[in-house]
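A structural walkthrough
Here are the chains, one letter per residue:
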Amino acid sequence: NAISWTSGASVSGWTVSDIPVAGAIGASGNHVVYVESVNDDGTITISEMNYNWVSFQVRTITRPANYYTYIY
């Protein structure tokens, strides 16, 4: 369950942070994303699947970096 990824990662010794890095997992509520890049303007480019319950489609978008907590 994605809602428990940050707590589980922390207990397992992973870094959990508000600072994004490329290659990290971003977690927000019950959704996780992959961080493709951190952009100079304070945004991140992410890839995600199953957004709005559309299965098997990958979506790549740019969002504010403060939207997620990061696991790496």
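My aim in this report is to walk through the structure given alongside it, one point at a time. The model shown is predicted, which means the values in this text are computed figures rather than measured ones.

The tally for this structure, following the rule as stated, stands at two aromatic pairs. An angle of 75° between the planes, with centres 5.0 Å apart, marks the rings of Tyr67 and Tyr68 as edge-to-face. When the ring centre of Tyr67 is taken as origin, the NZ or CZ atom of Arg63, which lies over that ring, is 3.7 Å away.

Let us look at the sheet that holds strand E4 (residues 43-49). Spatially, the six strands line up as an open sheet ordered E1-E6-E2-E3-E4-E5, and their pairing is antiparallel. Edge positions in the open sheet fall to strand E1 (16-17) and strand E5 (58-64), since each of these has one partner strand only. Summarising the sheet, strand E3 (residues 31-38) and E4 pair through four bridges and their orientation is antiparallel. Bridging across to E4, Val38 finds its partner in Ile44.

The final tally for this structure, using the stated rule, is one salt bridge. Where Arg59 meets Glu48, a salt bridge forms, and the shortest distance between an N and an O atom there is 2.6 Å. Of this pair, Arg59 sits in strand E5 while Glu48 sits in strand E4, and the two are eleven residues apart along the sequence. By relative accessible area, Glu48 is classed as buried at 3%.

Once that is clear, we can look at the nonpolar core. Among the nonpolar cores identified, the biggest contains eight residues, and these are Ala24, Val33, Val35, Ile44, Ile46, Ala65, Tyr68 and Tyr70. If you list the elements that add at least two residues to this core, you get E3 and E4. Those residues in contact with Ile46 that sit more than four places away from it in its chain are Val33, Tyr34, Val35, Glu36, Arg59, Thr60, Ile61, Arg63 and Tyr68.

This brings us to a nonpolar patch on the surface. On the surface, a nonpolar cluster with roughly 370 Å² of combined accessible area is contributed by Met49, Phe56 and Val58. On the basis of relative accessibility, which here comes to 76%, the residue Phe56 falls in the exposed class.

Two strands pair when backbone bridges link them, and strand E2 (residues 25-28) and E3 are joined in this way by four bridges, in the antiparallel orientation. Bridge pairing in E3 places Gly26 opposite Val33. Taken together, E2 and the strand that follows it, E3, pair antiparallel across an intervening segment of two residues, in which Gly29 is found at a positive phi of about 60°. The turn linking E3 back onto E4 is made up of four residues, and Gly42 within it adopts a positive phi angle of 90°.

Conventions adopted
- Residues numbered from 1 in each chain as written.
- Predicted model: local features only at pLDDT ≥ 70, side-chain atom pairs only at ≥ 80, totals over all residues.
- Heavy atoms only, no water.
- Phe/Tyr/Trp six-rings, centres within 6.5 Å; stacked < 30°, edge-to-face > 60°.
- Lys NZ or Arg CZ within 6 Å of the ring centre and 35° of its normal.
- Pairing = 2+ DSSP bridges.
- Helix = DSSP H or I, 4+ residues; strand = E, 2+ residues; numbered from the N terminus.
- Salt bridge = Lys/Arg side-chain N within 4 Å of Asp/Glu carboxyl O.
- Buried < 20%, exposed > 50% of the residue type's maximum accessible area, 1.4 Å probe, protein only.
- Core = buried A, V, L, I, M, F, W, Y, C linked by side-chain atoms within 4.5 Å.
- Contact = heavy atoms within 4.5 Å.
- Patch = residues over 30% accessible without salt bridge, like charges linked within 9 Å, V, L, I, M, F, W, Y side chains within 5 Å.
- Areas by Shrake-Rupley, 256 points an atom, 1.4 Å probe, with all protein chains shown as cover.

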